[in-house]
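# Coordinate inspection notes
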Amino acid sequence: MRPGDLFAAHFLDHTAPGASAQIAEQLREDGLVTLDQLATRNDVLAFSSRIMTMSAHRDSDSDGLTTIRCIPRHAGRPGYAGLGNGELAPHTERSGLPHPPRLMLLVCSQPAESGGECLLSDGRRVHADLLEHRAGEAADVLAQPRTAYFGAGDGHPTQVFTPHLDGRVSIRLRLDALARWSPLVLPHLSELQAAALRHQRPVRLVPGQAYLLDNERWLHARTGFDGDRVHLRGLGDPRFALPRGFMPAPPASRPTTRPEVLSWA
């Protein structure tokens, strides 16, 4: 682990005494925990059941975990990009549900021969970035109710940013063929995409390493890859109190410069 990287900065030893309480506190504070020593499927199941009440997924196996690998028959099917080998844009897991799972655990079982790097964007930073641009116009519009529809026919009308009564904000996003947008939002999509990419940071996982994130705060993505990349994913709701989303960054800590906009591939 290189000093300063995202994995090292958020790492906790889940086998240490009191680790469950530390994990809960770090998720409340930062929304992200990185882990190791999850070498087998049983290790992953034991940790998952300690931290969350797992929820089934369309693609999950009988034990509740989903094996993420390239399955050629799903190539090009809307909503199945995670089971291909192409890149994934920043997104919220299960964004088309009325209540997406709060937690997502992703564990590396076998890395790709090349590519397949995990990319994470802190929604708090994305939100702060948009607030600083053009007097926050994009952030305001993206918080308007029912300005997005995520999912197929059984999807859900929603918005990118959802403010809560306690001042916190949740983020929900997808940018694939199953995202539809109000005309109010369309002029701001390029700003949103650019901000999500600007704040992407890589998480380089080797077998047995993982990240656990708050699905209302962090967006996750992936580069395209070659080879038999295998990861295990667990989804569910925490077995501890976890406030919704994030507290918006105060003005003093928001970005003051506009980095070069990355192209959207």
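In the block above lies the structure referred to throughout.
On to the overall build of the protein, then. From N to C terminus, the protein includes six helices and 17 strands. Since a compact globule built from 265 residues should have a radius of gyration of about 18 Å, the 18 Å found for the protein is in line with a globular shape. Along the first, second and third principal axes, the C-alpha atoms of the protein reach 50 × 45 × 35 Å. Evaluated residue by residue, the protein yields a buried proportion of 51% over its 265 residues. For the protein, restricting intrachain contacts to residue pairs at least 6 apart in sequence, the fraction spanning at least 24 positions comes to 77%. Carbon and sulfur atoms make up 53% of the accessible area of the protein, which totals about 12,300 Å². When the 29 basic and 29 acidic side-chain charges of the protein are each reduced to a single mean position, those positions are 3 Å apart.

On to the pattern of salt bridges. Here the structure, examined in full by the defined rule, presents twelve salt bridges. Across the salt bridge formed by E25 and R28, the nearest N and O atoms sit 3.4 Å from each other. You can see E25 and its partner R28 sitting in helix 2 (residues 19–29), three residues apart, about one turn around the helix. Overall, the relative accessible area of 41% leaves E25 in the partly exposed class.

Glancing now at helix 4 (residues 123–132). Restricting attention to buried positions, one finds in helix 4 the residues G123, V126, H127, A128, D129 and L130. If you check the start of helix 4, you find a side-chain oxygen 3.0 Å away from the backbone N of R124, and it comes from D122. Directly beyond the C-terminal end of helix 4, a positive phi value near 50 degrees is found at R134.

Membership of the largest hydrophobic core comes to 23 residues, with the highest contact counts inside it found for L130, L142, V160, F161, L173, W181 and L192. Contributions of two or more residues to this core are made by helix 4, helix 5 (137–141), strand 8 (148–150), strand 11 (169–171), strand 12 (179–181) and helix 6 (189–198). With four residues, the single largest contributor to this core is helix 6. In contact with V160, not counting residues within four places along its chain, are L142, S170, I171, R172, L173, W181 and L192. By size, the runner-up hydrophobic cluster in this structure holds 20 residues, among which are L38, V44, F240 and L242.

Take the pairing of strand 7 (residues 118–122) next. Here strand 7 lies mainly inside the structure; five of its five residues are buried. Neither face of strand 7 is exposed, since C118, L120 and D122 on one face and L119 and S121 on the opposite face are all buried. Across four bridges, the pairing between strand 7 and strand 13 (residues 200–203) is antiparallel. Following the sheet pairing, S121 is matched in strand 13 by Q200. Here five bridges tie strand 7 to strand 15 (residues 218–222), and the two strands are oriented antiparallel to one another. Its bridge partner lying in strand 15, D122 is registered against W218.

On to unusual backbone geometry, then. Of note, Q37 is a non-glycine position whose phi angle comes to about 60 degrees, a positive value. The residue Q37 is located in the loop between strand 1 (32–35) and helix 3 (41–51) in this model. Backbone geometry places R146, a non-glycine residue, at a positive phi of 60 degrees. The residue R146 is located in the loop between helix 5 and strand 8 in this model. Owing to a relative accessible area of 62%, R146 belongs among the exposed residues under this scheme.

Cut-offs used in this document
Residues numbered from 1 in each chain as written. Predicted model: local features only at pLDDT ≥ 70, side-chain atom pairs only at ≥ 80, totals over all residues. Heavy atoms only, no water. Helix = DSSP H or I, 4+ residues; strand = E, 2+ residues; numbered from the N terminus. Rg over C-alpha atoms; globule rule 2.2 N^0.38 Å. Buried < 20%, exposed > 50% of the residue type's maximum accessible area, 1.4 Å probe, protein only. Contact = heavy atoms within 4.5 Å. Areas by Shrake-Rupley, 256 points an atom, 1.4 Å probe, with all protein chains shown as cover. Lys, Arg positive; Asp, Glu negative; His and termini not counted. Charge placed at Lys NZ, Arg CZ, Asp CG, Glu CD. Salt bridge = Lys/Arg side-chain N within 4 Å of Asp/Glu carboxyl O. Polar contact = N/O pair within 3.5 Å; in protein donor to acceptor, adjacent residues only side chain to side chain. Core = buried A, V, L, I, M, F, W, Y, C linked by side-chain atoms within 4.5 Å. Pairing = 2+ DSSP bridges.

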